[in-house]
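One letter stands for each residue in the lines below.
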Amino acid sequence: MSTRFTPAQPTPRSVKDLGMGEAGTICCLNDPEMALKLLEMGCIPGTRIRLNSRAPLGCPITVMVGDGEDYTLSLRVNEAATIMLKE
Amino acid sequence: MASADTITGRAGAATSAARLEAAAMRHPGTLTRIALIGNPNSGKSSLFNQLTGLNQKVGNFPGVTVDRKTGIAQLTPGLRAEIIDLPGTYSLYPKSLDEKVITDLLYDKTSQQYPDFVIITADASNLRRNLLLFTQLADLGLPAVLALNMMDVAEQHGVKIDIQALQQELGVPVIPMNARKGIGIAALKIVMAQQLDAPAVRFYAPEEALLPMIRQIRYYFNLHNDYLALHYAHQYRQISFLSADDKAYIGELVQQYGFEATPRQAQETIDRYARINDILLDTVSVTRTERKEPYSNRLDRVLTHRVWGYLIFFGVLFLMFQAVFAWASYPMDLIDEGIAFINSLIQTNFDGPLINLLTEGVLAGLGGVLMFVPQIALLFAFIAVLEETGYMARVTFMMDKIMRKFGLNGKSVVPLISGVACAVPAIMSARTIENWKDRIITIFVTPLMSCSARIPIYTVLIGLVVPDEPVLGIFNLRGIALMGLYLLGFFAAIFSALAMKLLLKTKERSYFIMEFPVYRWPRWKNVGITIVEKVKTFVFQAGKVIVAISVMLWVLASFGPGQTLEKAEAQVREQAAAQARPAAETDMQVAAIRLENSYAGVFGRALEPAIRPLGFDWKIGIALLTSFAAREVFVGTISTIYSVGQDADMRTVQQKLALAKDVDGQPFFTTARSASLLVFYVFAMQCMSTLATTYRETKGWKWPLLQMVYMTGLAYFSALLVYQLLK
């Protein structure tokens, strides 16, 4: 096992980078522990996700999940950064 | 798929056989046991309240302190069932202590508590995510009913569900309902009254490669299906009923097969969603109406606005304070007068030591308990409405970034605000914080928030030394002083949290992710039930301590070691007779000398050298000791100490204290003394119930002891500083 840090592929964008009201499609979740929680809450790869609002101080944010924008999740910016988007 | 089918068949057979056996073993009169489970915000509490009404009991799950809410539901005129309300969860892989009680309950089929079947609530407008938990429960082989809740919301979203087809696909009865309005309850009860079989459909089969390991676990523990055995492999470290040997056995197997829990759970979740998508494709159609901006979003634009959001939040807080302080005072006065009336009625008609015990001990203590009921009821009315409407989630959302700076968490706002009423439920509400460090810090600092038990102390002492004067026309000096004490407690909490953030080391990460509920009107029935439940808990749990302490105090103040009490009294009476003093004055002196020589006086005197630098004397020493168990006892004690021998018309504690004189005949309660005492009570732990709660919540004596030492130390040195500066 190599202990060297291997940088991730230059992945384009995460939910953190979405503009207000902009939507994207989840490609993958890059933090295993966080991923489990996100998956259970419905953030499955291939799902549409839209940035809905930011807290007054910029963090946390709320996102709407699903094609029909079925429900709203609120999460911190560093948590949103683990949800990678398809280009 | 062939192997999956055989598993299903075998598991199904084993299940029904076991069920028959269990049914036969049960006594004929035993109630059917039903567990209620579902995602957070799926209307589970509404359904529980609809089924059981006020027939609810709150207990604890064995070993942990998660509230165990049970209730009795009348299914048919002749049939009743016990419903147990489980904490809301998204999956059977627990992420918090709350969720762990679910797996503990559902893993052990031999347990007395094991449910006969489960009702799974699902939000129909959000079926995909809600079905994840359903499929896990079905795979555990539990007989189940799906309560398809919030059908009205689904309809608004243009979601059409083919109930028949869904029932076919899921293999369990599906009841469409709207629990908030009570629609579908009757149909659900009919299904609940019938004998339910274990579901025949399985939604997920563990990978072939895992089967050897799963089967070994399954046969070793004699489990009824593979999926349950897989759960043992995932969670063996946290299953409370497994012995160390059992855990070691599974641990070895897991090692041997290179089984990694987290990625497996993630893969299982993805596989389940794939299966759910297939099911929904056949059963649910969405007619996309022209999407209007949801009203919740429009409301949020104001309620979480950078200016309006905070202003409204502080407005809500202000209203809450106003309610607890101002509105509650009317019923509190009534209770106070009522108790005083009963006391005087008894005292004028009867006499004797037992009557004294009843009036000065039991009734005084009972009054002290009942006095808090209006405040607790009002505060929990507010908290319940904030939770019910979904506003509490917005408070968390707005406060998270600020709270995080102090080592807290947006979710800490709820315990901290609740701490203003009582630290006991507040500490218990910290359970929703999943991160260990955030949770410990929240629990540790919450008792520094000024709870309602401090109000009597604050009011009495402020009333004594702060003049009742207007400031700037609209404010009142006493009000400002009271506000100051609350802020003092608040800042102590915040800065203690900051210090702990720097001191505590942890590898665990702090999560925030949560569902953002849509705004809804509160269901008043739910609010009412919450209030009743909280008041009952306070009266029966804290109340016991308070009445007991009150009686103990009466004994301590009325009796002394040996004959010293009687001798002292005789001496005073002799002197008085010699000098021909008025009878009233003599009685007062007798009372004082009796107290000085009672057991309480002995305690107080022993303590005096330690508290003299704070400006306290032995009388306050007595009160410090008696209020160590519950700080609200302070006023009662002071009242007792200064009332012994005084006339019945000397009603208020304040008047009694104002008359207290020091050795030079000057008023004893100077500004310096009162301020020192106030600061002491802002910081001091002085609450046995809080310590006990911290002990239970942190599972050990380390944190409650640290908490007590820290708070008492902070109180002592702050009071010392205040007295020496103001003296």
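These figures come from a predicted structure and were not determined experimentally.

> Looking at this structure, how should I read the interface of chain B and chain A?
Interfaces are often sized by the accessible area lost when the parts come together. With 33 residues of chain B at the interface, the matching set in chain A holds 28 residues. At the level of secondary structure, the elements contributing two or more residues to the side of chain B that touches chain A comprise α4 (127-139), α11 (261-283), α12 (295-303), α17 (391-405) and β12 (514-516) of chain B. Per-element tally for the side of chain B that touches chain A: the top contributor is α11 of chain B, with seven residues. A per-class count over the side of chain B that touches chain A returns 15 nonpolar, 10 polar and eight charged. Taken together, the three bridges between strand β5 (residues 71-75) of chain A and β12 of chain B define a ladder with antiparallel strand orientation. Counterpart to S74 of chain A in the pairing with β12 of chain B is M514 of chain B.

> Got a minute to help me understand the packing of helix α22 (residues 477-503) of chain B against helix α30 (residues 671-683) of chain B in this structure?
The relative placement of two packed helices is expressed as an angle between their axes plus a distance between the axes. Residue and element names in this part refer to chain B. Following both chains from N to C, one finds α22 and α30 inclined at 45 degrees, their axes separated by 10 Å at the closest point. Put simply, α22 runs oblique to α30. Crossing handedness for the pair α22 and α30: right-handed. Contacts between α22 and α30 involve L485, L488, G489 and A492 from the first element and L678, V682 and F683 from the second. Here the contact of α22 with α30 is built from residues that sort into six nonpolar, one polar and no charged.

> Please explain helix α31 (residues 688-698) of chain B as it appears in this structure.
An α-helical turn contains 3.6 residues, so any two residues separated by three or four positions project in the same direction. Taken together, the buried positions of α31 of chain B are S689, T690, L691, T693, T694, E697 and T698 of chain B. The first or second residue beyond α31 of chain B is K699 of chain B, which carries a positive phi of 60 degrees.

> Help me understand the sheet that holds strand β6 (residues 83-85) of chain A in this model?
In a beta sheet, neighbouring strands pair by backbone hydrogen bonds and run either parallel or antiparallel. Pairing in this open sheet of seven strands is antiparallel, and the strands run β1(A)-β6(A)-β2(A)-β3(A)-β4(A)-β5(A)-β12(B) from one edge to the other. Strand pairing shows two members of the sheet lacking a second neighbour, β1 (13-14) of chain A together with β12 of chain B, which therefore form its edges. Two strands pair when backbone bridges link them, and strand β3 (residues 48-54) of chain A and strand β4 (residues 61-65) of chain A are joined in this way by five bridges, in the antiparallel orientation. The partner of R54 of chain A across the bridge, within β4 of chain A, is I61 of chain A.

The rules we used
Residues numbered from 1 in each chain as written. Chains lettered and ligands numbered in written order. Predicted model: local features only at pLDDT ≥ 70, side-chain atom pairs only at ≥ 80, totals over all residues. Contact = placed C-beta atoms within 7 Å. Helix = DSSP H or I, 4+ residues; strand = E, 2+ residues; numbered from the N terminus. Nonpolar A, V, L, I, M, F, W, Y, C, P; charged D, E, K, R; others polar. Pairing = 2+ DSSP bridges. Axes fitted to C-alpha atoms, helices over the stretch in contact; angles between N-to-C directions. Parallel < 35°, antiparallel > 145°, perpendicular 65-115°, else oblique. Left-handed = near helix turned anticlockwise from the far one by under 90°. Buried ≥ 20, exposed ≤ 12 C-beta atoms within 10 Å, placed from the backbone.

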